Amino acid sequence: MIDRGTHPTIIGSQTVHLPLVELTESITVALMITVDLGVRFMDVACRDLADEVRALAPDVIVSVATMGIPIGLGVSRELHLDDYVILQKQPKYHLRDSMREPVESITTQGEQQLILDERREPLLRGRRVVLVDDVISTGASTMAALRLLDRAGAEVVGIGAFLTESDEWRETLGDRASLVRALGHIPLFES
């Protein structure tokens, strides 16, 4: 990956300068690493995203490890919800009998598995769920998460993201694209 400068990006009520990183010979992205943006940024962005999804009246917030963990926690806190669920990507011994869904991400090499801890499934069954994440790009990770949530019996009422990237995610999500509430949008760049 080659550093190509930065791209000013509006995320809710904030503007950040995201590094432009070449992923392939033809694709460069404005790379957002949530854990590198600081506590103040995350507090404000999570408050902004919570405001976007508040009217959906979720019972549970779900997010995806790793970059989505602070988002899931922060949005849950802003909505005064005690329950949140993190879909894992790293196989752990205690997750061996849990539901899995294959996923490929634009920023990760190779196929991974999203894993829903079987002990967390009862928190989702029949409950209003909002899925939150950092960036929705191709929609592949979001769609894999939605398949897991559907199998767990969750009623997904919304999808929240700090950013959407390009427009490929709309086709991938199909009718569910209308559930997306994002704080900003970034293009894919040609390398």
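Residues numbered from 1 in each chain as written. Predicted model: local features only at pLDDT ≥ 70, side-chain atom pairs only at ≥ 80, totals over all residues. Heavy atoms only, no water.

S.K.: Describe the packing of aromatic side chains, with residues and values.
M.R.: Counted according to the given criterion, the structure contains one aromatic pair. Considering the side-chain rings of F41 and F162, the 6.0 Å spacing of their centres and the 90° angle between planes classify their relative orientation as edge-to-face. Of this pair, F41 sits in helix α1 (residues 39–53) while F162 sits in strand β9 (residues 155–165), placing them 121 residues apart in sequence. With a relative accessible area of 6%, F41 lands in the buried category. Taking relative accessible area as the criterion, F162 reaches 0% and is therefore assigned buried. (Phe/Tyr/Trp six-rings, centres within 6.5 Å; stacked < 30°, edge-to-face > 60°. Helix = DSSP H or I, 4+ residues; strand = E, 2+ residues; numbered from the N terminus. Buried < 20%, exposed > 50% of the residue type's maximum accessible area, 1.4 Å probe, protein only.)

S.K.: An account of the environment of A65 is requested, with residue identities and associated values reported.
M.R.: Mapping A65 onto the fold places it in the loop between β4 (60–64) and α2 (69–78). Once the C-alpha coordinates of A65 and K89 are considered, the two residues, 24 residues apart in sequence, prove to be 6.3 Å apart. Those residues within four positions of A65 in sequence are excluded, and the remaining contacts are I86, L87, Q88 and K89. (Contact = heavy atoms within 4.5 Å.)

S.K.: Please provide a residue-by-residue account of the nonpolar core, values included.
M.R.: The biggest cluster of nonpolar side chains holds 29 residues, and the ones touching the most others in it are V62, L87, L114, L124, L149 and L173. Contributions of two or more residues to this core are made by β4, β5 (84–87), β7 (111–116), β8 (128–136), α3 (140–151), β9 and α4 (168–173). The biggest single contributor to this core is α3, with six residues. Look past the residues within four positions of L173 in its chain and what remains in contact with it is G139, T142, M143, L146, I159 and V180. Membership of the second largest hydrophobic core comes to 26 residues, among which are A30, M32, V53 and L183. (Core = buried A, V, L, I, M, F, W, Y, C linked by side-chain atoms within 4.5 Å.)

This is a description of form; function is not addressed.
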